[in-house]
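Spelled out from the first residue to the last, the chains are:
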Number of protein chains: 2
Amino acid sequence: MQEYPKPLAKLITELQKLPTIGQKTAQRLAFFMLKLPDTETAQIAEAIAQVKQHLSYCDICGTITDTNPCYICTNPRRDRQVICVVEESDDLWAIERTNGYKGLYHVLGGVLSPLDGTGPDELGINTLFQRIRGATADREPVREVILATNWTTEGQATALYLIQHLETFEVAVTRIAYGIPVGGDLEYIDEVTLAKALEGRRKV
Amino acid sequence: MQEYPKPLAKLITELQKLPTIGQKTAQRLAFFMLKLPDTETAQIAEAIAQVKQHLSYCDICGTITDTNPCYICTNPRRDRQVICVVEESDDLWAIERTNGYKGLYHVLGGVLSPLDGTGPDELGINTLFQRIRGATADREPVREVILATNWTTEGQATALYLIQHLETFEVAVTRIAYGIPVGGDLEYIDEVTLAKALEGRRKV
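Rules behind the numbers
Each chain has its residues counted from 1, running along the sequence as written. In the order they appear in the text, chains get letters beginning with A and ligands get numbers beginning with 1. Residue-level local features of this predicted model are given only where pLDDT is at least 70; pairs of side-chain atoms are given and counted only at 80 or more, and the full residue set underlies all totals for whole chains, interfaces and linings. To get the side-chain values, take all heavy atoms of the structure and skip hydrogens and water. Only Phe, Tyr and Trp rings take part, Trp by its six-membered ring, and two of them pair if their centres are within 6.5 Å. Stacked means planes under 30 degrees apart, edge-to-face means over 60, and tilted covers everything else. Think of it this way: any DSSP run of H or I at least four residues long counts as a helix, any run of E at least two long counts as a strand, and we number them from the N terminus. Relative accessibility decides the category of a residue: with a 1.4 Å probe and only protein chains considered, values under 20% of the type maximum give buried, values over 50% give exposed, and everything between is partly exposed. We place the copies in one frame by least squares, fitting the C-alpha atoms of every residue whose pLDDT is at least 70 in both. Contacts between residues were defined by any pair of non-hydrogen atoms, one from each residue, lying within 4.5 Å. The pairing criterion is simple: DSSP has to find at least two bridges between the two strands. Comment: axis = line fitted to C-alpha atoms, over the contacting stretch for helices; angle = value between 0 and 180 degrees taken between N-to-C directions. Seen with its strands pointing away from the viewer, a crossover is right-handed when the path leading from the first strand over the helix to the second is clockwise. Roughly parallel refers to an angle under 35 degrees, roughly antiparallel to one over 145, roughly perpendicular to one between 65 and 115, and oblique to any angle outside these ranges. For any pair of crossing helices, the crossing counts as left-handed if the nearer helix is rotated counterclockwise from the farther one by less than a right angle, and right-handed if it is rotated clockwise. Only Asp, Glu, Lys and Arg are considered charged, only Ala, Val, Leu, Ile, Met, Phe, Trp, Tyr, Cys and Pro nonpolar, and every remaining residue, Gly among them, polar. By buried area we mean how much accessible surface two parts lose on assembly, using a 1.4 Å probe and totalling the loss over both. Criterion for a salt bridge: a side-chain nitrogen of Lys or Arg within 4 Å of a carboxyl oxygen of Asp or Glu. In the analysis that follows, any N or O atom pair within 3.5 Å is treated as a polar contact, provided that within protein one partner can donate a hydrogen and the other can accept it, and provided that, for residues neighboring in sequence, both atoms belong to side chains.

This brings us to the packing of aromatic side chains. Residues and elements named next belong to chain B. Tallying each qualifying case throughout the model produces twelve aromatic pairs over all chains. Aromatic pair Tyr4 and Phe31: ring centres 6.0 Å apart, planes at 70°, arrangement edge-to-face. A residue pair is termed long-range when its members are at least 10 positions apart, and Tyr4 in the segment before helix 1 (6–15) and Phe31 in helix 2 (residues 23–35) qualify at 27 residues. For Tyr4, a relative accessible area of 16% corresponds to the buried category. Residue class for Phe31 comes out buried when judged on its relative accessible area of 12%.

Our next topic: the relation of the copies chain A and chain B. Superposition of the two copies of the chain requires a rotation about an axis together with a shift along that axis. Overlaying chain A on chain B yields an RMSD of 0.1 Å, the required transformation being a rotation through 180° with an accompanying axial translation of 0.0 Å. Such a combination of rotation and displacement between the chain copies is what one expects of a two-fold axis. For chain A, the minimum C-alpha distance to the rotation axis belongs to Ala45 of chain A and amounts to 2.1 Å. When the interface residues of chain A are mapped onto chain B, 100% of them are again interface residues, pointing to one common binding face.

As a further point, take the sheet that holds strand 6 (residues 172–175) of chain B. Residues and elements named next belong to chain B. Read across the open sheet, the four strands follow the order 4-3-5-6; overall the sheet is parallel. Each end of this open sheet is capped by a strand with a single partner; those strands are strand 4 (103–107) and strand 6. For this sheet, the mean inter-axis angle between neighbouring strands, taken without regard to orientation, is 25°. Examined bridge by bridge, strand 3 (residues 79–86) and strand 5 (residues 144–147) share four bridges and lie parallel to one another. Each bridged residue has a counterpart across the sheet, and for Cys84 the counterpart in strand 5 is Ile146.

Another point: the pairing of strand 5 (residues 144–147) of chain A. Residues and elements named next belong to chain A. Judged from the four bridges that link them, strand 5 and strand 6 (residues 172–175) form a sheet pairing that is parallel. Bridge pairing in strand 6 links Leu147 to Arg175. With respect to chirality, the unit in which strand 5 leads through helix 7 (residues 153–166) into the neighbouring parallel strand 6 is right-handed.

Attention shifts here to the environment of Val51 of chain A. When you line up the elements, Val51 of chain A lands in the loop between helix 3 (38–50) and strand 1 (56–57). C-alpha separation for the pair Val51 of chain A and Asp66 of chain A, spaced 15 residues apart in sequence, amounts to 9.9 Å. Sequence-distant contacts of Val51 of chain A, that is, excluding residues within four places in its chain, are made with Pro7, Leu8, Leu11 and Leu34 of chain B.

Residues and elements named next belong to chain A. At a closest axis distance of 9 Å, the pairing of helix 1 (residues 6–15) and helix 2 (residues 23–35) adopts a crossing angle of 130°. With respect to helix 2, the element helix 1 is oriented oblique. Seen along the crossing, helix 1 lies across helix 2 with a hand that is right-handed. Residues Leu8, Leu11, Ile12 and Leu15 of helix 1 pack against Ala26, Gln27, Leu29, Ala30, Phe31, Met33 and Leu34 of helix 2. Looking at side-chain class alone, the contact of helix 1 with helix 2 contains ten nonpolar, one polar and no charged residues.

Further remarks concern the interface of chain A and chain B. Reports often express the size of an interface as the amount of accessible area lost when the parts come together. Between chain A and chain B, the contact holds 53 residues from the first and 53 residues from the second. Carbon and sulfur atoms supply 68% of the area that chain A and chain B bury against each other, a total of about 5,300 Å² over both sides. One can count five salt bridges joining chain A with chain B. The closest approach of N and O atoms between Lys17 of chain B and Glu40 of chain A, which form a salt bridge, is 3.5 Å. In this assembly, chain A and chain B are joined by ten residue pairs in polar contact (both at pLDDT 80 or more).

Moving on, we come to the side chain of Thr149 of chain B. Relative to the assigned elements, Thr149 of chain B resides in the loop between strand 5 and helix 7 (153–166). Setting aside its immediate chain neighbours within four residues, Thr149 of chain B contacts Val85, Glu87, Leu108, Gly155, Thr158, Ala159, Arg175 and Tyr178 of chain B.

Moving on: the sheet that holds strand 5 of chain A. Residues and elements named next belong to chain A. Taken together, the four strands give an open sheet; going across it, the order is 4-3-5-6, and neighbouring strands pair in parallel fashion. Each edge of the sheet is formed by a strand with only one pairing partner; in this case those strands are strand 4 (103–107) and strand 6. Strand after strand, the sheet turns through a mean of 25° between neighbouring axes, direction not considered. Contacting strand 3 (79–86), strand 4 and strand 5, helix 6 (residues 125–133) crosses the sheet at an angle of about 150° to strand 4. Along the sheet, helix 7 contacts strand 3, strand 5 and strand 6; its crossing angle with strand 6, the most-contacted strand, is approximately 165°.

So yeah, pure geometry; function would need other evidence.
This is the structure in structure tokens:
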């Protein structure tokens, strides 16, 4: 049996390191790249090689950015009195896509997870407290901290930890609402979400 | 709304050029790469950039290879009297994985498609005729030509074209068998395949 030529075998192996890409998809992608013009494959390779070189973490909010501080932290039109706490930069971009939030962010870069050795020191939690105390660059009193960690065991534990420690600050602490997704059908919603939706009911 | 930082947006755009990768998958892959160590992303980028640099087409059979002629054409243990004609190099590797074929190959690099302007000259058809005539490097009389183009309109047309033109050569021409896949359930097989399977029935 004749194996793939080495450069092709290597590419297939490398592509399989990526999530959702198994052997068959890796083969299909590799064959597709073989047929692309050289300039196209060069562009893809360059984009991958460079994605981290020009990115860093914002010193203020911790998001991934190509300027430091990031565009949001330096934007004078954002409401500097509200900070939304998220786990990762992609959560920040997801909220940005709603076009409905004009405050600042704080990206933890993870969640509390004692088993993995991730404590408050590993996350940007102290930086968050300093921001609220007004000890960092954006010296405006913080009015509200919105906790938007995910509704997972660790995300909830992280939110609870923050709620406890933020009690000593003069700041409103809120948690984003959990409930039925818009367009969701009650029949197909899991029980925990449904219970949360009932619990979080509001007067109309 | 704050967009993605530029290098990240560029990577997401580039990844979307690949088949089966839409916006969501491209985002997921890009975020995953952001979290990989630099050496890992460098390896992926290098594998993509180099896949075509070290590969060429075999002068004899036309397959994609990192040596020229390819390992199969130069392998003294292969049966040089049988040539299996396939559309693309990945068809060759698919047949190699069966471990059941010990002859040589001829890779057309496509199929006859008048609408796309692909005629016999664009495919490696003349080279195939030369090989059978013994006008090329592997000068051993060819006993059998196996046509393994796909069972599509173009694949069939290409096979028919070859059958007609190979009549003038002293060579057995065969077509690979089409029928029920092993493990396939008659109930769920399309009618054309089922008809082919009945037509191609053999004495047991």
